[in-house]
Amino acid sequence: MSGRFCLTASPQDVARHFALDGVEPFPPRWNIAPTQPILLIEDAGEWRGRGSNQPDRRAALARWGLIPSWVKDVSAFPLIVSARCEGIAEKPSYRGALRHRRVLIPATGFYEWQRRGKGKTQPFLIRPVSGGLLALAGLKETYLSPDGSEIDTACLISTEAKGAAADVDERMPLIIKEKHFARWLDCRNVEPCGVSQLLQCPDGLGLEAIAISEKVNKVANTGPDLHEPYNLSDSIVAPSTKRAKKPADRTQLKLF
């Protein structure tokens, strides 16, 4: 499942795609990684007063790495970069956010790594063939630290890969189509059972998978050269069905 994505569209394009009044300026980001701030779109209901002309949605920032509100010791809790859609409504780490804090995360593409032999992986950029923006499904939680400070955190939701992404990995971020934006974001009127059918990627997303260099593996590499195609010496092979479980990277929690 993707642990990196990119957002290279302009703030104006993001505002237009998600029907926002506006978005604060931000630079193109080619290699967004866990623990970094990410842009998200959420329902503006709690900020919008009765009879207000304020928009239904707002843009906000959150730290990529969900921390449920009930966590007492973050040093002993693994960083949640993505939540598997299977059984998500019943899992304590996600069920509150799925009911009350569903968000959309703008992206122009995401990265997946294909296993190509023992110890070998090949990074791919997955993006729309026709360009434009993707709306990745996410969850948000506000964590209250022992010192009283608050931090908004968020994670992606992962699902079974489809289309070009399935040639690279078994999982991919859940993508919400534009016609379902309002339904996904409306946590006041739409309960988790009302979005259960959206918890798998629809067909016909029009994605392409482009092999790129291993430069994307380093968070410090943040330029547009990350998207330059990489010539593979052999044909694409199906991803392995057995995946080693990675230990939690607790050093990424050092900000707390």
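Structure first, text after, so check above.
What comes next is a walk through the structure.

Description of the environment of I126
In this fold, I126 is placed in strand β8 (residues 121-128). Classification of I126 by relative accessible area gives buried; the value is 0%. I126 sits 85 residues away from A211 along the chain, and the two C-alpha atoms are 9.0 Å apart. Setting aside anything within four residues of it in sequence, one finds I126 in contact with G109, F110, E112, A165, V168, L207, E208 and A209.

Some remarks on the packing of aromatic side chains
If you walk through the whole model with that rule in mind, you get three aromatic pairs. Relative to F181, the ring of F18 has its centre 5.2 Å away and its plane inclined at 15°; by these criteria the two rings are stacked. With a gap of 163 residues between them, F18 in the loop between α1 (11-17) and β2 (29-32) and F181 in helix α3 (residues 181-185) connect regions that are remote in the sequence. Judged by relative accessible area, which is 2%, F181 ranks as buried. Across the ring face of W184, the terminal group of R102 is positioned such that the distance to the ring centre comes to 5.7 Å.

Topic: unusual backbone geometry
Keep in mind that most residues, glycine aside, have a negative phi and that most peptide bonds are trans. In this structure, A19 is a non-glycine residue whose phi angle is positive, near 55°. Looking at where A19 falls in the secondary structure, it is placed in the loop between α1 and β2. Its identity is not glycine, yet T35 carries a phi of approximately 80°, on the positive side. Inspection of the secondary structure assignment puts T35 in the loop between β2 and β3 (37-43). By relative accessible area, which is 21% here, T35 ends up partly exposed.

Quick notes on the pairing of strand β10 (residues 150-160)
Here strand β4 (residues 57-64) runs beside β10; their pairing, made up of two bridges, is parallel. Its bridge partner being in β10, R63 is matched across the sheet by T153. Examined bridge by bridge, strand β5 (residues 82-84) and β10 share three bridges and lie parallel to one another. Bridge assignment links R84 to a residue of β10, and that residue is S158. The loop that links strand β9 (residues 134-144) with its antiparallel partner β10 comprises five residues; one of these, G148, has a positive phi angle of about 95°.

What to know about the environment of S213
Structurally, the position occupied by S213 is in the segment after β12 (207-211). Judged by its relative accessible area of 16%, S213 is buried. Once the C-alpha coordinates of S213 and H227 are considered, the two residues, 14 residues apart in sequence, prove to be 8.2 Å apart. Apart from residues lying up to four places away in sequence, S213 is in contact with P123, E228 and Y230.

Remarks on the side chain of H227
Structurally, H227 can be placed in the segment after β12. Here the side chain of H227 touches Y111 through a polar contact of 2.9 Å, side chain to side chain. When residues no more than four places from it in sequence are discounted, the contact partners of H227 are C6, W30, Y111, L125, R127 and I212.

Focus: the pattern of salt bridges
According to the stated counting rule, one finds twelve salt bridges in the structure shown. Among the ionic pairs, R171 bridges to E86, the shortest N-O distance being 2.9 Å. With a gap of 85 residues between them, R171 in strand β11 (residues 171-173) and E86 in the loop between β5 and α2 (95-100) connect regions that are remote in the sequence. Two residues, K140 and D152, come together in a salt bridge whose shortest N-O distance is 3.9 Å. With K140 in strand β9 and D152 in strand β10, this pair connects stretches of sequence that are twelve residues apart. When salt bridges that share partners are traced, they join E42, R58, K140 and D152 into one network.

So, the nonpolar core
Judged by nonpolar contacts, the single largest core of 65 residues is most densely connected at L104 and W184. A total of six residues in this core trace back to one element, the largest contributor, which is β9. What L104 contacts, discounting residues up to four positions off in sequence, is F18, L39, L40, I41, A135, L136, I176, F181, W184 and L185. Within the second largest apolar cluster, nine residues are counted, among which are W30, W113, L125 and L226.

Procedures and definitions
Residues numbered from 1 in each chain as written. Predicted model: local features only at pLDDT ≥ 70, side-chain atom pairs only at ≥ 80, totals over all residues. Heavy atoms only, no water. Helix = DSSP H or I, 4+ residues; strand = E, 2+ residues; numbered from the N terminus. Buried < 20%, exposed > 50% of the residue type's maximum accessible area, 1.4 Å probe, protein only. Contact = heavy atoms within 4.5 Å. Phe/Tyr/Trp six-rings, centres within 6.5 Å; stacked < 30°, edge-to-face > 60°. Lys NZ or Arg CZ within 6 Å of the ring centre and 35° of its normal. Pairing = 2+ DSSP bridges. Polar contact = N/O pair within 3.5 Å; in protein donor to acceptor, adjacent residues only side chain to side chain. Salt bridge = Lys/Arg side-chain N within 4 Å of Asp/Glu carboxyl O. Core = buried A, V, L, I, M, F, W, Y, C linked by side-chain atoms within 4.5 Å.

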